[in-house]
Amino acid sequence: MKFSPLFPFLSVALLMAWAPLPAQATDAAETPPPGATVITSDELHSEQQNHVSVFTGKVVVVGTNFRMTCQEMTVNFTKDNKVDTIVATGDVVITQPDRITHCGHAEYFHDEDKFVLTDQPVILDHKNQISGPQITIYRTTQKMEIKGRSTTVISNDSMGSPKAPPPSTDNK
């Protein structure tokens, strides 16, 4: 029996798309093995010839130090089956240690190792918050760009405790 060269990809995609039965579903996501990412969704449509997989319905992605949920996620692969781009839409929530990101649309570009967040993106980092029409995060350099009018809320905790005013030297 002759297998397509993309057969290993399809096998992995099918394993990644397996979702627990409703009776077994829990809110606590299992930690994936080191270096692995686990994707669950209601449906998966994969086109080997076009190098694309579309996960729809209650998509949950769990990797090392992050969790993402959305309604639909499209993953485009290179010809050698490596992730090229990811597009997540519909109530996107990305949770990382000390940071939660909400938006309607998130795109990841592997070549630049960057995320572009649109459709009302808001990032809650510790007790600080930043929002704007488009937020781009460069993971490798830890840089962020915001296009359009942005709003930043800095918690007093982030600025240190306020200093008491100096004692009055006024002798009344």
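Residues numbered from 1 in each chain as written. Predicted model: local features only at pLDDT ≥ 70, side-chain atom pairs only at ≥ 80, totals over all residues. Heavy atoms only, no water.

Draft legend 1. Quick peek at the overall build of the chain. From N to C terminus, the chain includes one helix and twelve strands. Beginning at the N terminus, the succession of helices and strands in the chain can be written as α-β-β-β-β-β-β-β-β-β-β-β-β. Each of the 172 residues in the chain was classed as buried or not, and the buried ones make up 28%. When contacts within the chain are restricted to residue pairs at least 6 apart in sequence, those whose partners lie at least 24 apart make up 29%. As displayed, the chain has an accessible area near 12000 Å², and 55% of this comes from carbon and sulfur atoms. (Helix = DSSP H or I, 4+ residues; strand = E, 2+ residues; numbered from the N terminus. Buried < 20%, exposed > 50% of the residue type's maximum accessible area, 1.4 Å probe, protein only. Contact = heavy atoms within 4.5 Å. Areas by Shrake-Rupley, 256 points an atom, 1.4 Å probe, with all protein chains shown as cover.)

Draft legend 2. Main features of the pattern of salt bridges. Per the stated rule, a full pass over the model turns up three salt bridges. One salt bridge in this structure joins Asp125 and Arg99, with 3.1 Å as the shortest N-O distance. In this pair, Asp125 sits in strand E8 (residues 122–125) while Arg99 sits in strand E6 (residues 99–109), placing the two residues 26 residues apart along the sequence. Given the relative accessible area of 25%, Arg99 is considered partly exposed. Across the pair Lys114 and Glu112 runs a salt bridge whose closest N-O atoms are separated by 3.6 Å. (Salt bridge = Lys/Arg side-chain N within 4 Å of Asp/Glu carboxyl O.)

Draft legend 3. The arrangement of the packing of aromatic side chains in detail. Enumeration according to the criterion identifies one aromatic pair in this entry. Its end group placed over the ring of Phe109, Lys114 keeps NZ or CZ at 5.5 Å from the ring centre. (Phe/Tyr/Trp six-rings, centres within 6.5 Å; stacked < 30°, edge-to-face > 60°. Lys NZ or Arg CZ within 6 Å of the ring centre and 35° of its normal.)

Draft legend 4. Region of interest: the nonpolar core. In terms of nonpolar packing, the biggest core is built from 19 residues, with Val59, Met68, Cys70, Met73, Val92 and Leu117 touching the most fellow members. Mapped by element, the contributors of at least two residues to this core are strand E3 (52–63), strand E4 (66–77), strand E5 (83–96), E6 and strand E10 (134–138). Residue contributions to this core peak at five residues, all from E4. Residues within four places of Leu117 in sequence aside, it is in contact with Thr101, Cys103, His105, Ala106, Ile123, Pro133, Gln134, Ile135 and Ile137. (Core = buried A, V, L, I, M, F, W, Y, C linked by side-chain atoms within 4.5 Å.)

These results come straight from atomic positions and should not be treated as a statement about function.
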